Amino acid sequence: MARTRGVLCPVERRGLLKGAAAIAAVPLLGACSQGASDGVGADGKVTVELWHGQVDVAKDAIQALVTEFNRTHPKIRVDAGGGGVISDAMLQKVTAALAAGSYPDIAYVFGSDLASIARSPRVVDLTDAMRGGPTPWNSFWAPVREAVSVNGKVRAAPALLDSLAVVYNRKLFRQAGVPFPEAGWTWDEFTDTARKLTDSGRGVFGTGWPGTGDEDTVWRLWPMIWDLGGDVVAADGKSIGFARQGVRALDTLRRLVEDKSVYVDPKPGGEQMYQVFLGGRMAMVATGPWQLPDILDAEVDYDVVPLPSYSGRPVTISGPDTWTVFDNGSARSRAAVEFVQWMMRPEQDARWDIRAGSLPLGSATERRPQWRKHSRETTGLSVFTDALDSARVRPVHAAYPQISQALGEAIVSVLLGRDSPAKALRRCADKADAALLIPR
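In what follows, the accompanying structure is described.

Cut-offs used in this document
Residues numbered from 1 in each chain as written. Predicted model: local features only at pLDDT ≥ 70, side-chain atom pairs only at ≥ 80, totals over all residues. Heavy atoms only, no water. Helix = DSSP H or I, 4+ residues; strand = E, 2+ residues; numbered from the N terminus. Buried < 20%, exposed > 50% of the residue type's maximum accessible area, 1.4 Å probe, protein only. Contact = heavy atoms within 4.5 Å. Polar contact = N/O pair within 3.5 Å; in protein donor to acceptor, adjacent residues only side chain to side chain. Phe/Tyr/Trp six-rings, centres within 6.5 Å; stacked < 30°, edge-to-face > 60°. Patch = residues over 30% accessible without salt bridge, like charges linked within 9 Å, V, L, I, M, F, W, Y side chains within 5 Å. Areas by Shrake-Rupley, 256 points an atom, 1.4 Å probe, with all protein chains shown as cover. Salt bridge = Lys/Arg side-chain N within 4 Å of Asp/Glu carboxyl O. Lys, Arg positive; Asp, Glu negative; His and termini not counted. Charge placed at Lys NZ, Arg CZ, Asp CG, Glu CD. Core = buried A, V, L, I, M, F, W, Y, C linked by side-chain atoms within 4.5 Å. Pairing = 2+ DSSP bridges. Axes fitted to C-alpha atoms, helices over the stretch in contact; angles between N-to-C directions. Expected span 1.5 Å × (residues − 1). Arc of directions from axis to C-beta.

**Things to note about unusual backbone geometry**
- Positive phi values are uncommon outside glycine, yet Asp56 reaches one of about 55°.
- Checked against the element boundaries, Asp56 lands in helix α1 (residues 56-72).
- At Glu299, a position not held by glycine, the phi torsion is positive, near 55°.
- Along the chain, Glu299 falls in the loop between α12 (292-297) and β13 (302-305).

Below, the structure is given as structure tokens:
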């Protein structure tokens, strides 16, 4: 694979994770005071530390790719130790590492967390490496390009792509005599269907929703808000853009709660919710392609349908994640960039996607024979890929974590019947608007 050669130099700013949000570009070509040999061992090999946060099948998949990279790149050794945390906790882990001055060369960072991390001068600017790299920038789906860009600069490499759709249990629908859902259905139809499929005597729920207030709880609501014309941040940048639309979206959840048709998962990651579905006691669950391997293993008679909407127009959310590169000296930065560029090549991307349960980063991967074969043989997978045409991503905004936390609290309060949608959203707006007013 052809690669951009050169030396990566850090650009100092006002301090770690402080100061202006705009970060000056770190060129891939140029000189650096640390010298070209910085980070090179006595044997001439550069060691790159990778924190990936993956577990189970995804961990095995990334390790297999790292092993191949190390075999085919004798001057670089990627140490895929993982970082000691799962990906959900990577933001806190990396933030603490940056503060301590001992951070990895590459970390798996959620796209919604990138703006917070990218404020550090230790984050390498990848604009030249991505836009002029071996994999054409324009071959990536629009959500991928948006998720790795901050203030017009490419601050990370795309790592993983997904979208949200509804997986349903065909057996439960047949038993209840309810027609299968079809593309173009509405949220009113969704709530009515969930009510009809709920059977308390048999312990069957119509649907489920994570109830911990984390990002898994929150990101499912954004397509509903976008469909209603709202946005995460208002156009003036000083307040939330969903004060009205959020109330209506939360009212849909309130209906599910009143009908007792929603299983509220009290544990992070939605694990119990998915177990209920896999056990044949939940009719519908909004999820991503990552769940299909478990559904297939459980031999659930399932199919996939796009998310409902209020307008009848297709809308969903994509949650691209990133490989964020940190500056530990010119040689290590250069080697880290070489690794993430290699990972993005369609050959590697297809293998990673198939094993980890994600979607191709772009059209070049989608055209590969192994992906096409995998898509044909996996029921419903094409629904997730097709949904990328209408997918939006959460804004790469430094205040997003605070907005998400406030909305997560509002969602949980409605799911648990503690607050009305209007009251929950007012409290959310107060907290989120305050976060947006903080200079960044």
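Back to the write-up after that little detour.
**Concerning the environment of Val218**
- With respect to the helices and strands, the residue Val218 is situated in helix α8 (residues 215-218).
- Under the relative-accessibility criterion, Val218 is labelled buried at 0%.
- Separated by 186 residues in sequence, Val218 and Ser404 have C-alpha atoms that sit 6.4 Å apart.
- Ignoring anything within four residues of it in the chain, the contact list for Val218 reads Gly213, Tyr400, Ser404, Leu407, Gly408 and Ile411.

**Considering the side chain of Thr217**
- Mapping Thr217 onto the fold places it in helix α8.
- Here Thr217 falls in the buried class, since its relative accessible area comes to 0%.
- Only 3.3 Å separates the side chain of Thr217 from the backbone oxygen of Pro210, close enough to count as a polar contact.
- Discounting residues that sit within four places of it in the chain, Thr217 has contacts with Trp209, Pro210, Gly211, Thr212 and Ile411.

**What about the packing of aromatic side chains?**
- Per the stated rule, a full pass over the model turns up 18 aromatic pairs.
- Consider the rings of Tyr168 and Phe180, whose centres lie 5.5 Å apart with planes at 40°: the pair is tilted. Separated by twelve residues along the polypeptide, Tyr168 in strand β7 (residues 165-169) and Phe180 in the loop between α6 (170-176) and α7 (187-197) bring together distant segments of the chain.
- Note on Trp323 and Trp352: the rings are 6.5 Å apart at their centroids and 45° apart in plane angle, and the pair reads as tilted. On the criterion of sequence distance, the pair formed by Trp323 in strand β15 (residues 321-325) and Trp352 in helix α14 (residues 346-356) is long-range, its members being 29 residues apart.

**Re a negative patch on the surface**
- Where like charges cluster on the molecular surface, the negative patch consists of Asp56, Asp60, Asp294, Asp297 and Glu299.
- Where the negative patch is concerned, the elements lending two or more residues are α1 and α12.

**Thoughts on the nonpolar core**
- Core analysis: the biggest nonpolar cluster contains 69 residues, and Leu50, Ile106, Met130, Val167, Trp323 and Phe339 have the highest contact counts within it.
- With nine residues, the top contributor of residues to this core is helix α13 (residues 330-344).
- Trp323 has contacts with Leu50, His52, Ile62, Ile106, Ala107, Tyr108, Ala156, Ala157, Pro158, Ala159, Val340 and Met343, leaving out every residue within four places of it along the chain.

**Quick notes on the sheet that holds strand β12 (residues 284-287)**
- Overall, antiparallel pairing links the three strands, which are arranged β12-β7-β13 in an open sheet. In this open sheet, the two edge strands, each paired with only one partner strand, are β12 and β13. With strand direction ignored, the average angle separating the axes of adjacent strands in the sheet is 30°.
- Summarising the sheet, β7 and β13 pair through four bridges and their orientation is antiparallel. Looking across to β13, one finds that Asn169 is bridged to Tyr302.

**Points about α1**
- End to end, α1 covers 25 Å across 17 residues, agreeing with the expected 24 Å (1.5 Å per residue, within 8%).
- Considered for burial, the residues of α1 that qualify are Ala58, Ala61, Ile62, Leu65, Val66 and Phe69. Angularly, the buried residues of α1 cover 130° about the axis, an arc narrow enough to put them on a single face. Residues of α1 that are exposed and point more than 90 degrees away from the buried face comprise Asp56 and Arg71.
- Contact partners of the buried residues in α1: β1 (46-51), β2 (76-79), β15, α13 and α14.

**Topic: the sheet that holds β1**
- One open sheet accounts for five strands, arranged β2-β1-β3-β15-β6; its pairing is mixed. Single-partner strands in this sheet number two, and they are β2 and β6 (157-160). Taken pair by pair, the neighbouring strands of this sheet meet at an average axis angle of 30°, ignoring direction.
- Across four bridges, the pairing between β1 and β2 is parallel. Pairing of Val48 across the sheet is with Val78, part of β2.
- Strand contacts of helix α2 (residues 90-100): β1 and β3 (106-110), with the helix running at about 135° to β1, the strand carrying the most contacts.
- Most of the contacts of α13 go to β1, to which it runs at about 60°, and overall it touches β1, β2, β3, β6 and β15.

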